[in-house]
Amino acid sequence: MMNVFNSLTRGVEELKPIADNEIRLYTCGPTVYNFAHIGNFRAYAFEDILRRVIQFNGMKVKHVMNLTDVDDKTIRGANAAGVALTDYTKTYKDAFFADLKKLNIIPADVYPAATDHIPEMIALVESLVEKGVAYKSDDGSVYFNVRKFPGYGKLAHIDFDNQRTGQRCAADEYDKENVGDFALWKAWEDSDGPVGWDSPWGRGRPGWHIECSAMSMKYLGETFDLHTGGIDNLFPHHENEIAQAEASTGKPFVNTWMHCAHLKVNGEKMSKSAGNFFTLRELLEKGFTGREIRYVLVNAHYRQGLNFAFSALEDARKSLERIDRCVDALEKRIDPAAETPDFVAKALEDFTAAVNDDLNIPRAFAALFELVRETNASNTTAKGVLDAFKRMDEVLGIIFFGKSEKEDVPAEVASLLEERAAARAAKNWAESDRLRDAIAALGWVVKDSREGQSVTKK
Ligand code: AMP
Ligand code: ZN
């Protein structure tokens with residue numbers, strides 16, 4: 001039984017699919033105006049763990065993640081660079097997918113881009129205008145009237161009596177002090193330059209919030225299971241998504257909402273605006289691996305703030321080496337006939353209980369390290385132990401099995417290896433040794449076996 005904390009009810013509940021043993025999951029994706037920072041990736045790594053735990057429990061997942069490729073920031077960036085919006089955002093979409101791969105994040109089933117769904121958004125805004133919960137302002141923008149939707153504030157638990165409603169807020173992002181009618185459609189302005197679409201209200205573009213309501217319902221239905229994001233998405237973004245969807249359909253929008261806490265630096269939220277961020281690329285250039293960064297991002301409870309520190313990445317390297325050494329040695333001594341020792345069932349039981357207890361990943365890691373300890377101490381040869389590591393890694397995604405083949409070998413090392421294979425085929429042993437030293441100078445050790453050569457990091 002998989003239990004999770006639901007931000008909507010503020011309680012821990014069992015996660016159960018509405019239909020077909022499948023959890024329909026929507027996660028708010030990146031605004032593609034720049035490279036994502038590792039704070040953003042904390043949210044995506046949390047969602048990856050969530051998805052893997054659902055599957056670990058035998059349920060299927062249909063996962064949709066949007067790409068925000070039109071908003072104030074993307075328009076400003078494209079116009080400042082003097083390039084078309086689609087060209088500008090393509091660079092960052094591509095970078096985002098490459099980064100997800102580095103972090104071993106399972107791709108979503110669909111990545112709808114906002115600019116491909118303008119008609120769906122216009123239709124949703126039209127239905128809200130027809131129902132009388134949205135209105136056109138003098139400048140040709142359309143606003144959602146929050147006083148016409150009685151449920152407004154139920155996610156953020158806002159006490160409406162103490163709020164100054166009746167005001168309007170054109171910006172996509174605002175705080176609880178500025179609750180008011182929010183923009184569904186924004187009339188074209190000079191600063192939008194060439195960006196704009198025709199609509200029943202004139203030329204303009206969608207607000208940020210309408211995109212997620214329109215695209216999630218298109219791909220997952222009017223009522224679906226699970227919606228997530230970083231805690232900063234809870235208000236106003238997710239509150240507004242609920243208002244737009246439920247005011248239009250009259251049905252509950254989402255059963256379970258989950259939010260992860262922030263990645264921080266010196267106690268402050270990591271963000272572009274505070275300037276205290278690292279992109280994934282920057283950390284990779286410093287010599288850390290995607291696997292080490294993943295380890296740090298997931299090995300904290302998702303509802304607790306996590307302070308980023310380089311020392312944590314160094315600790316991750318040591319912990320991963322410990323796992324690698326154990327799994328490596330175990331793989332080499334496997335005896336298919338050996339019986340599975342008793343400690344395996346206990347480790348798996350502890351692991352399962354931890355992940356099903358609102359994704360308690362630190363406790364799950366403790367179960368994994370207990371398995372490492374017992375494996376080393378017993379010197380077991382049982383394949384059942386290796387299977388247990390594989391089962392745990394379905395959730396964690398950080399173990400390299402058959403390490404030498406799987407390691408992320410840099411292009412330079414790979415090309416030296418190819419040369420060395422050719423030298424060996426030509427029985428040019430002096431050249432083969434020279435290349436071995438060249439590879440060693442780059443920090444990699446070559447091993448030769450009957451299957452050919454393989455490399456591991458020093
Ligand atoms: P954005 O591109 O700003 O819309 O953010 C994309 C995702 O990253 C959202 O789910 C945000 O809530 C999340 N996010 C942004 N900054 C952080 C942070 N420092 N820690 C955790 N999640 C974050
Ligand atoms: Zn969203």
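Because the structure is predicted, anything quoted here is derived from the model rather than measured.

Scoring rules and cut-offs
Residues numbered from 1 in each chain as written. Chains lettered and ligands numbered in written order. Predicted model: local features only at pLDDT ≥ 70, side-chain atom pairs only at ≥ 80, totals over all residues. Heavy atoms only, no water. Helix = DSSP H or I, 4+ residues; strand = E, 2+ residues; numbered from the N terminus. Buried < 20%, exposed > 50% of the residue type's maximum accessible area, 1.4 Å probe, protein only. Contact = heavy atoms within 4.5 Å. Areas by Shrake-Rupley, 256 points an atom, 1.4 Å probe, with all protein chains shown as cover. Lys, Arg positive; Asp, Glu negative; His and termini not counted. Charge placed at Lys NZ, Arg CZ, Asp CG, Glu CD. Phe/Tyr/Trp six-rings, centres within 6.5 Å; stacked < 30°, edge-to-face > 60°. Lys NZ or Arg CZ within 6 Å of the ring centre and 35° of its normal. Pairing = 2+ DSSP bridges. Near = heavy atom within 4 Å. Polar contact = N/O pair within 3.5 Å; in protein donor to acceptor, adjacent residues only side chain to side chain. 1 Å grid on protein atoms, 1.4 Å probe; cavity = no way out; pocket = protein on both sides within 12 Å on 5 of 7 lines; lining within 4 Å. Sits in = over half its atoms within 2 Å of the grid points. Axes fitted to C-alpha atoms, helices over the stretch in contact; angles between N-to-C directions. Parallel < 35°, antiparallel > 145°, perpendicular 65-115°, else oblique. Left-handed = near helix turned anticlockwise from the far one by under 90°. Nonpolar A, V, L, I, M, F, W, Y, C, P; charged D, E, K, R; others polar. Donors = N, O, S within 2.8 Å, 3.2 Å for Na, K, Ca; no water.

Student: Help me get a handle on the overall build of the protein chain, residues and values and all.
Tutor: When you go through the protein chain residue by residue, the secondary structure sums to 15 helices and 16 strands. For the protein chain, with 458 residues in total, the buried portion stands at 52%. Counting only contacts in the protein chain whose residues sit at least 6 apart along the sequence, the fraction spanning at least 24 positions is 73%. Surface summary for the protein chain: the accessible area is close to 20200 Å², and the carbon and sulfur share equals 49%. Looking at charge distribution, the protein chain has the averaged site of its 58 positive side-chain charges lying 3 Å from that of its 70 negative ones.

Student: Got a sec to walk through the packing of aromatic side chains? Specific residues and values, please.
Tutor: The way to describe two aromatic rings as a pair is by their centre distance and the angle between their planes. Within the structure shown, the criterion is met by 22 aromatic pairs. Look at Phe253 and Trp257: their rings are 6.1 Å apart centre to centre, the planes differ by 50°, and that puts the pair in the tilted class. The same class applies to Phe253 and to Trp257, which are both buried. Each residue in the set Phe41, Tyr44, Phe96, Phe97 and Tyr111 is aromatic and connected to the rest through ring pairs, giving one cluster. One residue, Lys390, lies across the ring of Phe401, its end atom 5.4 Å from the ring centre. Above the face of the Phe56 ring, Arg391 is positioned so that its terminal group lies 3.7 Å from the ring centre.

Student: Break down the sheet that holds strand β12 (residues 263-265) for me, with residues and values.
Tutor: Spatial strand order, β13-β12-β14: 3 strands in an open sheet with mixed pairing. Looking at strand neighbours, the two that pair on one side only are β13 (268-269) and β14 (306-307), the edges of this open sheet. Pairing between β12 and β14: 2 bridges, direction parallel. In the sheet register, Lys264 faces β14, and the bridge partner there is Asn307.

Student: Outline unusual backbone geometry, supporting the account with residue identities and numerical values.
Tutor: Of note, the amide linkage connecting Phe235 to Pro236 takes the cis form, showing an omega dihedral of 5°. With respect to the helices and strands, Pro236 occurs in helix α6 (residues 234-249). Phi at Asn379 takes a positive value of approximately 55°, unusual for a residue other than glycine. Mapped onto the fold, Asn379 is located in the loop between α11 (361-378) and α12 (383-396).

Student: I'd like a description of the site of ligand 1, backed by residues and values.
Tutor: The local shell around ligand 1 holds 16 residues, among which Gly230, Asp232, Asn233, Leu263 and Met270 are the closest. Contacts to ligand 1 include Gly39, whose backbone N or O atom sits 3.0 Å from a nitrogen atom. Leu263 places a main-chain nitrogen or oxygen 2.8 Å from a nitrogen atom of ligand 1. Out of a free accessible area of 490 Å², ligand 1 has 91% covered by protein chains. Assessed atom by atom at 2 Å from the grid points, ligand 1 resides in the second largest pocket. Residue contributions to the shell around ligand 1 peak at 4 residues, all from helix α1 (residues 38-56).

Student: So what's going on with the packing of α11 against α12? Which residues, and what values?
Tutor: Where α11 meets α12, the axes come as close as 11 Å, and the angle between the chain directions of the two elements is 160°. Taken together, the axis directions place α11 and α12 in an arrangement best described as roughly antiparallel. Between α11 and α12 lies a crossing of left-handed hand. In contact with Ile361, Phe365, Ala367, Leu368, Leu371, Val372 and Thr375 of α11, α12 contributes Val385, Ala388, Phe389, Met392, Val395 and Leu396. Partitioned by chemical class, the residues of the contact of α11 with α12 number 12 nonpolar, 1 polar and no charged.

Student: Help me get a handle on the coordination of the zinc ion (ligand 2), residues and values and all.
Tutor: Looking at the zinc ion (ligand 2), the protein donor atoms are Cys28 (SG), Cys212 (SG) and His237 (NE2), and they sit 2.1 to 2.2 Å from it. Along the chain, the residues donating to the zinc ion (ligand 2) fall in the pattern C-x183-C-x24-H. Of this pair, Cys28 sits in the loop between β3 (22-27) and α1 while His237 sits in helix α6, placing them 209 residues apart in sequence. With a relative accessible area of 6%, Cys28 lands in the buried category. Overall, His237 belongs to the buried group, its relative accessible area being 0%.

Student: Mind laying out the packing of helix α9 (residues 310-333) against α11, listing which residues take part and the relevant values?
Tutor: Running from N to C, α9 and α11 point in directions that differ by 45°, and their axes come no closer than 10 Å. In terms of orientation, α9 lies oblique with respect to α11. As for how α9 packs across α11, the hand of that crossing is left-handed. Along the contact surface, α9 presents Ser319, Arg322, Ile323, Cys326, Leu330 and Arg333, while α11 presents Leu368, Phe369, Val372, Thr375 and Asn376.

It is worth stressing that arrangement in space is one thing and function is another; only the former is reported here.
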